[in-house]
Amino acid sequence: MSAVDTDGMDLGPVLRAALPGAELLACTALAGQASTRRYYRLALRGGPATLIAMRLPDDPALAFGSDEGMDGGPAVATRLPFLEVQRFLAEREVPVPAVAGAVLDRRVVLLEDLGDESFEARLEATPAEGWAPLYDAAVDTLAAMHLRTEAPSA
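Residues numbered from 1 in each chain as written. Predicted model: local features only at pLDDT ≥ 70, side-chain atom pairs only at ≥ 80, totals over all residues. Heavy atoms only, no water.

Q: Help me understand the nonpolar core, please; the structure alone is not making it clear to me.
A: Taken as a class, soluble globular proteins show a tendency for nonpolar side chains to be buried jointly. In this structure, L11, L15, L24, L42, L44, V108 and L110 are the most contacted members of the largest nonpolar core, which totals 16 residues. Here the element with the most residues in this core is strand β2 (residues 38-45); it accounts for three residues. Counting eight residues, the second largest nonpolar core, distinct from the first, contains M54, L104, V109 and L111. (Core = buried A, V, L, I, M, F, W, Y, C linked by side-chain atoms within 4.5 Å. Buried < 20%, exposed > 50% of the residue type's maximum accessible area, 1.4 Å probe, protein only. Helix = DSSP H or I, 4+ residues; strand = E, 2+ residues; numbered from the N terminus.)

Q: Sorry if this is basic, but what is going on with the sheet that holds strand β1 (residues 23-29) here?
A: Neighbouring strands of a sheet are bound in pairs by backbone hydrogen bonds; such pairs are parallel or else antiparallel. The sheet built from five strands is open, its strands ordered β1-β2-β3-β5-β4 with antiparallel pairing. Of all the strands in the sheet, just β1 and β4 (99-103) have a single pairing partner and so form its edges. Mean inter-strand twist for the sheet, computed between neighbouring axes without regard to direction, equals 25°. With six bridges joining them, β1 and β2 adopt antiparallel strand pairing. Across the sheet, the residue bridging to C27 is L42, located in β2. (Pairing = 2+ DSSP bridges. Axes fitted to C-alpha atoms, helices over the stretch in contact; angles between N-to-C directions.)

Q: Any chance you could explain the pattern of salt bridges here in plain terms?
A: Side-chain pairing between opposite charges can occur once the charged atoms of the two side chains come close. Under the counting rule described, the total for this entry stands at five salt bridges. R41 is the salt-bridge partner of D113, the closest N and O atoms lying 2.5 Å from each other. Of this pair, D113 sits in the loop between β5 (108-112) and α4 (119-124) while R41 sits in strand β2, placing them 72 residues apart in sequence. R41 matches D113 in its accessibility class, with the two residues each being buried. For R41, the salt bridge goes to D116, with nearest N and O atoms at 2.9 Å. One end of the pair, R41, is in strand β2; the other, D116, is in the loop between β5 and α4, with 75 residues separating them in the sequence. (Salt bridge = Lys/Arg side-chain N within 4 Å of Asp/Glu carboxyl O.)

Next up, the structure:
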């Protein structure tokens, strides 16, 4: 399969930059969210089995503006606060999807694929008496995130 997805996005340069030697086997569009971004699941050989490609809109004002809460002007076209927050949390050992690569001039970010199961789906698949450990783990994660990211006392 070529490195072009169904929307004409050329993933070749992105994959070569992030994962030299990886081969794209399939690219599947994921269900839309309340975002200007589009998401795709990439099946690969020669790298992780799958990755998520986050495709930013072609319009720089949307790509680097709306979802990031910024004005989208030219000054922000080389950075995404989303990636800065990911790095900040990862450095503090808060579990976040890893970034496999980002090629912002092509408006593509490659993210670790965490699967399709939501917390709600896990709860629905678990008898109610098994919910407490799931909620305990979620609250522990939130508490750890709070402790690891709070500003140091002056």
